[in-house]
Amino acid sequence: MNAEKKMKFYELSEDYWAKQPATVNGMLGGFDFVSQADIDQSQSVLDWLKSSKKLGETKLALDCGAGIGRITKNLLLNNFESVEMVDVTEGFISKAKEYLDMDSARVVKFHVCALQNFHPEVNRYDCIWIQWVLGYLTDADLVDFLKRCKLALKQNGICVIKENLSKDEREFDEEDSSYTRTKSEFVNIIHKAGWRLVKDEKQRNFPKELYEVRIFVLQ
Ligand SMILES: C[S@@+](CC[C@H](N)C(=O)[O-])C[C@H]1O[C@@H](n2cnc3c(N)ncnc32)[C@H](O)[C@@H]1O
């Protein structure tokens, strides 16, 4: 992708998200009723990671593409002592303090930054959670970002990616300038960034008309 195309690709998604409501329904494109099933299965993955001792400490998690903090509030703060959030949309990060209410005290940093430009501190996090945001990155930026995430994890830390998958080939959505990638594209990107895929599983109990959602656990 040339520089001009890339700039347009990112501008379009930033403009799209700047116009979306800062609510759980806004985060989930009108499907707020899937939030509980999403969180429940994510919790069971974290339970497994803890009981199998694959996850070492539970001090600090990073929520990537965090939006208003739906995952921070309902999942990460129940499992980690504190959380940092990063999102490109300033309005969502400002809303987060209100949405998180008392819990916002344990959100130690709010980063307003695009993931393609975000350089997390090395050796800092026990868990990096990345959900429903990677379609907004080009392949090259995604590989580079995942490499930086690997450096940002502490020893025995884990990275979780949870994303929609397309069936046969990647799809591009012109409305929000995003890719929906196939499973094999994700696996290739994960390996290219130097990660080992520890586990992957399909999200259950989602409406049939939605894309398959898959949870990838990386170490
Ligand atoms: C579908 S919402 C998901 C929010 C949250 N992960 C959740 O599951 O509730 C997508 C989020 O990605 C953010 N986003 C889009 N492009 C981004 C980018 N390049 N870097 C960081 N965040 C981005 C949007 O602002 C929005 O908050």
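Residues numbered from 1 in each chain as written. Predicted model: local features only at pLDDT ≥ 70, side-chain atom pairs only at ≥ 80, totals over all residues. Heavy atoms only, no water.

Asker: Can you walk me through the environment of Glu-14 in this structure?
Answerer: By secondary structure assignment, the location of Glu-14 is in helix H1 (residues 3-18). Using a relative accessible area of 34% as the deciding quantity, one classes Glu-14 as partly exposed. Ignoring anything within four residues of it in the chain, the contact list for Glu-14 reads Val-88 and Gln-116. (Helix = DSSP H or I, 4+ residues; strand = E, 2+ residues; numbered from the N terminus. Buried < 20%, exposed > 50% of the residue type's maximum accessible area, 1.4 Å probe, protein only. Contact = heavy atoms within 4.5 Å.)

Asker: Can you walk me through helix H3 (residues 35-51) in this structure?
Answerer: Taking 1.5 Å of rise per residue, the 17 residues of H3 would be expected to cover 24 Å, and the 24 Å separating its terminal C-alpha atoms lies within 8% of that figure. Taken together, the buried positions of H3 are Ser-35, Asp-38, Ile-39, Gln-41, Ser-42, Val-45, Leu-46 and Leu-49. Buried residues along H3 sit in contact with helix H2 (24-27), helix H4 (70-74), strand S4 (125-131), strand S5 (153-165), strand S8 (197-202) and strand S9 (212-218). Of the residues one or two after H3, Lys-53 is the one with positive phi, at around 60°. (Expected span 1.5 Å × (residues − 1).)

Asker: What's the story with the state of the cysteines in this structure? I'm lost.
Answerer: A covalent bond between the sulfur atoms of two cysteines is referred to as a disulfide. If you walk through the whole model with that rule in mind, you get 0 disulfides. A disulfide-free cysteine, Cys-113 has its sulfur positioned 10 Å from the sulfur of Cys-64, the nearest such atom. The thiol of Cys-149 is not disulfide-bonded; the next cysteine sulfur, from Cys-64, is found 5.2 Å away. A relative accessible area of 0% places Cys-149 in the buried class. (Disulfide = S-S within 2.5 Å.)

Asker: I would appreciate a short explanation of the site of the ligand in the present structure.
Answerer: Among the 20 residues in the neighbourhood of the ligand, the closest are listed as Gly-65, Arg-70, Asp-87, Thr-89 and Gln-131. Asp-87 has a polar side-chain atom sitting 2.6 Å from an oxygen atom of the ligand. For the shell around the ligand, a count of residues per class yields 13 nonpolar, 5 polar and 2 charged. (Near = heavy atom within 4 Å. Polar contact = N/O pair within 3.5 Å; in protein donor to acceptor, adjacent residues only side chain to side chain. Nonpolar A, V, L, I, M, F, W, Y, C, P; charged D, E, K, R; others polar.)

Asker: How should the packing of aromatic side chains be read in this particular structure?
Answerer: Pairs of aromatic rings are described using the distance from one ring centre to the other and the angle between the two planes. According to the stated counting rule, one finds 10 aromatic pairs in the structure shown. Ring geometry for Phe-9 versus Tyr-10: centroids 5.1 Å apart, planes at 65°, classification edge-to-face. Each member of the pair, Phe-9 as well as Tyr-10, is classed as buried. Between Tyr-16 and Trp-17, the ring centres sit 5.2 Å apart and the planes meet at 85°, which makes this aromatic pair edge-to-face. Note on accessibility: Tyr-16 and Trp-17 belong to one class, buried. (Phe/Tyr/Trp six-rings, centres within 6.5 Å; stacked < 30°, edge-to-face > 60°.)

Asker: Sorry, what's going on with the pairing of S9 here?
Answerer: Put simply, side chains in a regular strand alternate between the two faces of the sheet. Judged by how many residues are buried, S9 sits mostly within the fold: 6 of 7 residues are covered. Examined bridge by bridge, S5 and S9 share 7 bridges and lie antiparallel to one another. Residue pairing across strands places Leu-165 opposite Glu-212, the latter belonging to S9. Pairing between S8 and S9: 5 bridges, direction antiparallel. Of the residues in S9, the one forming a bridge with Lys-202 is Arg-214. (Pairing = 2+ DSSP bridges.)

Asker: What is the right way to read the pattern of salt bridges from this model?
Answerer: Close approach of charged atoms lets side chains of opposite charge pair. Counting across every chain of the model gives 18 salt bridges. Where Arg-124 meets Glu-121, a salt bridge forms, and the shortest distance between an N and an O atom there is 3.8 Å. A relative accessible area of 23% means that Arg-124 is categorised as partly exposed. For Glu-121, a relative accessible area of 45% corresponds to the partly exposed category. Put simply, Lys-199 and Glu-201 hold a salt bridge, and the shortest N to O gap is 3.7 Å. Here Lys-199 falls in the partly exposed class, since its relative accessible area comes to 24%. Within this structure, Glu-57, Lys-59, Asp-126 and Lys-154 form a network of salt bridges that share partners. (Salt bridge = Lys/Arg side-chain N within 4 Å of Asp/Glu carboxyl O.)

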